[in-house]
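# Survey of secondary and tertiary structure
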Amino acid sequence: MSAIVLNEKMEKASELALPESFSGINPHNLYLYVKSAQAAQRANSATAKGRSEVRGGGKKPWAQKGGGRARAGSRRSPIFVGGGQAFGPSNNRNYDLKVNKKQKKLALNFALNEHAQNGSLFIVDTLEVTSGKTKDAAAIFKALNQRDVLIVKSILDEKTYLAFENLAPTYVVEANELNAYLAANYRSIVIDMGNSCR
């Protein structure tokens, strides 16, 4: 599989073949990484008080015997209005899923290879917006003719970041921030020449 090399006008100039190690990877590695990334984003804020956490309920509601009713020890029982919730959600749950370093690398390589197969992996010599204006970034995005773009730069300068920040279909990251979840989440990727096939 090959990545498409673009010139300054964002037109196809040539192709760059990906290493052999990018092919033949089990897609399950990408599934595991995406599942782990989404689990890490969970707010984990859902919680409800159990019967031991609800205030009150110190006195027995009625006598144990003689009333003809079922015995009750506390008004904070889940069967009463205002009582604790039985088996409610807890924010103590740990959703983290472990993914090995080797699996992370395989997942990223698989995602990049899929983009190469679909013709949506692009490499440019330099991608920089010195003006810092969104309209200049929009012109670059329009020239790419893609639905959404993940832009990967070796060193992200402030002007380029500001130019693409308010452009909704684009997202700019540095090379060390690139991961399989981001790569799989966007329909096309543009990488600086210095970052290709890493």
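Residues numbered from 1 in each chain as written. Predicted model: local features only at pLDDT ≥ 70, side-chain atom pairs only at ≥ 80, totals over all residues. Heavy atoms only, no water.

Attention now goes to the pattern of salt bridges. Considering all chains together, one arrives at 3 salt bridges under this definition. Its salt-bridge partner being Asp-148, residue Arg-187 comes within 3.0 Å of it at the nearest N-O pair. Of this pair, Arg-187 sits in the loop between α5 (180-185) and β6 (189-192) while Asp-148 sits in the loop between α3 (134-144) and β4 (149-153), and the two are 39 residues apart along the sequence. (Salt bridge = Lys/Arg side-chain N within 4 Å of Asp/Glu carboxyl O. Helix = DSSP H or I, 4+ residues; strand = E, 2+ residues; numbered from the N terminus.)

Taken in spatial order, the 6 strands of this open sheet run β2-β1-β3-β6-β4-β5, and their pairing is mixed. Single-partner strands in this sheet number two, and they are β2 (12-17) and β5 (170-174). Pairwise comparison of adjacent strand axes, ignoring direction, gives a mean angle of 25° for this sheet. (Pairing = 2+ DSSP bridges. Axes fitted to C-alpha atoms, helices over the stretch in contact; angles between N-to-C directions.)

This brings us to the nonpolar core. Counting 29 residues, the largest nonpolar core has Leu-30, Tyr-33, Leu-112, Leu-121, Leu-150, Val-152 and Ile-189 as the members making the most contacts within it. Broken down by secondary-structure element, the contributors of at least two residues to this core are β1 (2-6), α1 (28-40), α2 (101-117), β3 (121-124), β4, α5 and β6. Per-element accounting of this core gives the leading share, 6 residues, to α2. If we skip the residues at most four places from it in the chain, Leu-121 touches Ala-3, Ile-4, Leu-18, Leu-112, His-115, Ala-116, Ile-189 and Ile-191. Among the nonpolar cores identified, the runner-up in size contains 18 residues, and Leu-6, Val-129, Phe-141 and Val-190 belong to it. (Core = buried A, V, L, I, M, F, W, Y, C linked by side-chain atoms within 4.5 Å. Buried < 20%, exposed > 50% of the residue type's maximum accessible area, 1.4 Å probe, protein only. Contact = heavy atoms within 4.5 Å.)

Moving on to α3. Owing to its 3.6 residues per turn, the α-helix brings residues three or four apart onto one side. Listing the buried residues of α3 in full gives Ala-137, Ile-140, Phe-141 and Leu-144. What you see down the axis of α3 is that its buried residues fit within an arc of 100°, all on one side. Residues of α3 that are exposed and point more than 90 degrees away from the buried face comprise Lys-135 and Lys-142. Of the residues flanking the end of α3, it is Asn-145, one or two places downstream, whose phi is positive at about 55°. (Arc of directions from axis to C-beta.)

The next thing to look at is the pairing of β4. Taking burial as the measure, the 5 residues of β4 include 5 buried ones, the bulk of the element. Residues Val-149, Ile-151 and Lys-153 point to one face of β4 and Leu-150 and Val-152 to the other, with burial holding for every one of them. Of the strand pairs in this sheet, β4 and β5 are connected by 5 bridges, and their pairing is parallel. What sits directly across from Lys-153, in β5, is Glu-174. Following the chain from β4 across helix α4 (residues 158-165) to the adjacent parallel β5, one finds a crossover that is right-handed. Bridge analysis of β4 against β6 gives 3 bridges, and the strand direction is parallel. Among the inter-strand pairings, Val-152 is bridged to a residue of β6, identified as Ile-191. (Right-handed = clockwise from strand over helix to strand, strands pointing away.)

Okay, the packing of α1 against α2 next. Two elements in contact, α1 and α2, have axes whose closest approach is 8 Å; the angle formed by their N-to-C orientations is 110°. Relative to α2, the element α1 is oriented roughly perpendicular. The handedness of the crossing between α1 and α2 comes out as left-handed. Residues Asn-29, Leu-30, Leu-32 and Tyr-33 of α1 lie in contact with α2, whose contacting residues are Gln-103, Lys-104, Leu-106, Ala-107, Phe-110 and Ala-111. Residues of the contact of α1 with α2, tallied by class, amount to 7 nonpolar, 2 polar and 1 charged. (Parallel < 35°, antiparallel > 145°, perpendicular 65-115°, else oblique. Left-handed = near helix turned anticlockwise from the far one by under 90°. Nonpolar A, V, L, I, M, F, W, Y, C, P; charged D, E, K, R; others polar.)

Let us look at the side chain of Ser-120. Position of Ser-120 among the secondary structure elements: in the loop between α2 and β3. At 3.2 Å, the side chain of Ser-120 and the backbone oxygen of Arg-187 are in polar contact. The residues contacting Ser-120, other than those within four sequence positions of it, are His-115, Arg-187, Ser-188 and Ile-189. (Polar contact = N/O pair within 3.5 Å; in protein donor to acceptor, adjacent residues only side chain to side chain.)

Here the focus is α2. For α2, built from 17 residues, the straight-helix expectation of 24 Å at 1.5 Å per residue is met to within 8% by its first-to-last C-alpha distance of 24 Å. Every buried residue of α2 is accounted for by Ala-107, Leu-108, Asn-109, Phe-110, Ala-111, Leu-112, Asn-113, His-115 and Ala-116. Those residues of α2 that are buried lie in contact with β1, α1, β3, α5 and β6. (Expected span 1.5 Å × (residues − 1).)

Domain annotation for the chain reports domain 1 (2-42 + 96-192) and domain 2 (44-94). With centres defined by C-alpha atoms, the gap from domain 1 to domain 2 works out at 52 Å. (Domains from an automatic or database assignment.)

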